[in-house]
Amino acid sequence: MFKIKIAYKLFFGICFFVLGIQEQANAQIVIGTPNLGFSQACANESFNTYSATFVFSPESNLNASNQFSIELSDGDGDFTNATVVSISNPGAVTISPATLDFSLPITTAGENYRIRIKSSAPVATSSNSAPFAAYYKLQDTPFTINNLVSTGAYCAGGSYLLAIDNPGTGSNDSPLNYPSLTFNWYKETGPTTSVFVAEGPSLLVNNEGTYFVETNYGTCTSNSFSNRVAISEVSSGEAEAGISSSLGNPFCPSQGSTTLSTIGGNSYQWFKDGVPITDAINQMYQANESGTYAVQVDLGDCSASGFIELESELFDAEINVSAFNAIQEGETLSVVVTTTANNPAFEWYFNDVLIIGATEDNYEVTQIGSYKIIVTETGASNCSGSREFLFEVTEPFPDVEKIPNVISPNGDGINDSWMIPTKYVSGTNTMVMIMNNNGKVVLQTNDYPNNWPENDLNLSSINQVFYYVIKTTDNETRKGSITVIK
């Protein structure tokens with residue numbers, strides 16, 4: 001009898017255990033549709049935290065090891081390859097309603113994302129959330145196209161290629177550095193309106209108008225857009241070729257050379273102050289000083305030209321002596337620097353050797369030789385730099401009465417240079433010009449130091465004839481010939 005009672009107890013104990021296991025196995029929860037705390041998710045490096053709130057029931061059916069997770073669909077709302085963007089710690093969420101935070105992957109870009117909530121113990125999945133636009137903005141600053149040149153032109157029947165600059169000019173943050181991004185091109189239809197034209201990193205234009213491009217962030221308002229470029233068709237004559245400066249205009253030389261850019265074409269020639277710049281035949285030119293820069297662009301069946309008055313923000317400075325100066329033995333030459341530099345520093349050099357102790361804006365020259373002055377601005381807040389001045393100090397020029405018409409530059413120390421009266425030489429601001437027998441100017445200066453010719457003339461004949469013109473500040477003019485005896 002005792003054994004029967006034990007058997008009955010054991011039987012009922014096993015039954016209760018099995019029923020408990022079965023009840024636990026059949027325990028379920030229902031998860032409600034997640035409620036979004038936003039209408040669209042426009043993430044970037046500085047902000048990428050969003051929240052979703054959901055309810056579940058019954059709370060008592062949660063296993064102690066349960067974890068809630070958030071899954072993100074693709075841009076079309078498909079969960080086939082869903083991404084887990086948030087997961088709670090085991091047993092951390094036990095009370096309904098609950099809120100979980102999540103972040104967007106950097107590849108997120110689309111208008112119809114959805115999320116859903118899943119539990120692990122027991123296993124359950126909510127229905128999908130309402131669709132929402134979501135983008136991760138890898139790049140969200142203005143960028144440049146057409147090298148920041150505001151115009152472009154094409155010949156009648158042709159086209160013009162607009163492209164996003166990479167890396168661009170200056171501090172341009174080119175979105176092409178982010179391969180996952182896509183782009184939309186637009187054409188302006190009014191001061192505040194535009195129409196979509198095409199997708200891609202470049203656009204081939206064959207219709208006049210003003211164009212720009214934006215990074216495709218959909219309904220997420222973006223700062224990732226380009227400058228505007230006005231494109232025109234040239235049927236005859238010459239089009240305008242815009243020029244831009246990468247460091248702005250005025251520019252700060254201490255930041256390095258500024259890049260001058262013009263419209264795209266087949267070939268280019270740059271000019272400074274009306275003179276062609278040797279080997280400056282590319283779409284861009286590095287400039288480091290003020291001046292009037294111009295460019296001629298070959299567009300194929302037509303051409304374009306443009307200019308820019310480039311100005312430097314560097315301080316002004318000047319010295320009170322000319323490039324060539326003469327002093328007698330025992331005399332001095334007082335040199336003074338005048339400058340607008342903020343808290344300037346001065347360095348004086350004699351024959352390329354620093355003069356110790358010469359740190360003021362003036363110096364008394366007593367020796368014959370070459371001098372250099374470097375003026376540096378040390379108190380500038382935005383633009384600092386240095387200016388350099390060179391000048392020579394020699395013995396006085398021998399005063400000749402007449403302008404010679406024969407010289408023999410053979411190095412014997414006799415009649416090697418064309419020595420003219422001192423009233424025409426350095427310091428008198430007299431214009432001296434020398435031309436060869438073909439009319440080509442070989443020397444033109446307002447500061448003639450009585451030293452022509454300094455270099456070999458490569459004479460083509462035994463006696464070669466040159467011609468000179470001397471014009472003083474009061475319009476006295478002298479003309480004549482110079483025979484150079486080889």
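Scoring rules and cut-offs
- Residues numbered from 1 in each chain as written.
- Predicted model: local features only at pLDDT ≥ 70, side-chain atom pairs only at ≥ 80, totals over all residues.
- Heavy atoms only, no water.
- Helix = DSSP H or I, 4+ residues; strand = E, 2+ residues; numbered from the N terminus.
- Rg over C-alpha atoms; globule rule 2.2 N^0.38 Å.
- Buried < 20%, exposed > 50% of the residue type's maximum accessible area, 1.4 Å probe, protein only.
- Contact = heavy atoms within 4.5 Å.
- Lys, Arg positive; Asp, Glu negative; His and termini not counted.
- Charge placed at Lys NZ, Arg CZ, Asp CG, Glu CD.
- Disulfide = S-S within 2.5 Å.
- Phe/Tyr/Trp six-rings, centres within 6.5 Å; stacked < 30°, edge-to-face > 60°.
- Lys NZ or Arg CZ within 6 Å of the ring centre and 35° of its normal.
- pLDDT = per-residue confidence, 0-100.
- Salt bridge = Lys/Arg side-chain N within 4 Å of Asp/Glu carboxyl O.

### Thoughts on the overall build of the protein
In terms of helices and strands, the protein carries one helix and 40 strands. In terms of overall size, the protein is more extended than a compact globule, its C-alpha atoms giving a radius of gyration of 41 Å where 486 residues would be expected to give roughly 23 Å. Taken along its principal axes, the extent of the C-alpha atoms in the protein is 155 × 65 × 40 Å. Residues counted as buried form 39% of the 486 residues belonging to the protein. Looking at the protein alone, contacts between residues at least 24 apart form 59% of all its contacts between residues at least 6 apart. Of the side-chain charges in the protein, 19 are positive and 49 negative, and the distance between the mean point of each set is 14 Å.

### Digging into the state of the cysteines
Applying the stated rule across the entire model yields two disulfides. Put simply, C42 and C220 are joined by a disulfide, and their sulfur atoms are 2.0 Å apart. When the S-S torsion is -85°, as for the bridge of C42 with C220, the disulfide is left-handed. One end of the pair, C42, is in strand β3 (residues 40-43); the other, C220, is in the loop between β18 (209-215) and β19 (229-234), and 178 residues separate them in sequence. Here C42 falls in the partly exposed class, since its relative accessible area comes to 21%. You can call C220 buried: its relative accessible area is 1%. One disulfide in the model links C155 with C302; its S-S distance is 2.1 Å. Residues C155 and C302 share a disulfide whose torsion about the S-S bond is about -100°; that sign makes it left-handed. One end of the pair, C155, is in strand β13 (residues 151-155); the other, C302, is in the loop between β26 (291-298) and β27 (303-310), and 147 residues separate them in sequence.

### Observations concerning the packing of aromatic side chains
For any pair of aromatic rings, the description rests on two quantities: the centre-to-centre distance and the angle between the ring planes. Tallied over the entire structure, the rule returns 20 aromatic pairs. Measuring from ring centre to ring centre gives 6.2 Å for Y50 and F102, while their planes differ by 40°; the resulting arrangement is tilted. With Y50 in strand β4 (residues 50-54) and F102 in strand β8 (residues 98-102), the pair connects residues that are 52 residues apart, well separated along the chain. Feature note: the residues F38, F47, Y50, F102, Y113 and F132 constitute an aromatic cluster, connected by ring pairs. It is R228 that lies over the ring of F212; its NZ or CZ is 3.6 Å from the centre.

### Focus: the confidence of the model for the protein
The predicted model of the protein has a mean per-residue pLDDT of 88, with 92% of residues at 70 or higher. For the protein, per-element mean pLDDT is lowest for helix α1 (residues 2-25), which scores 45, and highest for strand β6 (residues 68-72), which scores 98. Taken together, the stretch residues 10-25 has pLDDT below 50 and engages in one contact with residues farther than four places along the chain or on a different chain.

### Some points on the pattern of salt bridges
Within this structure, the stated rule accounts for six salt bridges. The residue K118 makes a salt bridge to E71 at a minimum N-O spacing of 3.8 Å. Of this pair, K118 sits in strand β10 (residues 115-120) while E71 is found in strand β6, placing the two residues 47 residues apart along the sequence. A residue is classified by how much of its surface remains accessible, and K118, at 25% relative accessible area, is partly exposed. Judged by relative accessible area, which is 10%, E71 ranks as buried. Note that D140 is salt-bridged to K137, the shortest N-O span being 3.8 Å. Relative accessible area serves as the criterion here: at 8%, K137 is assigned to the buried category.

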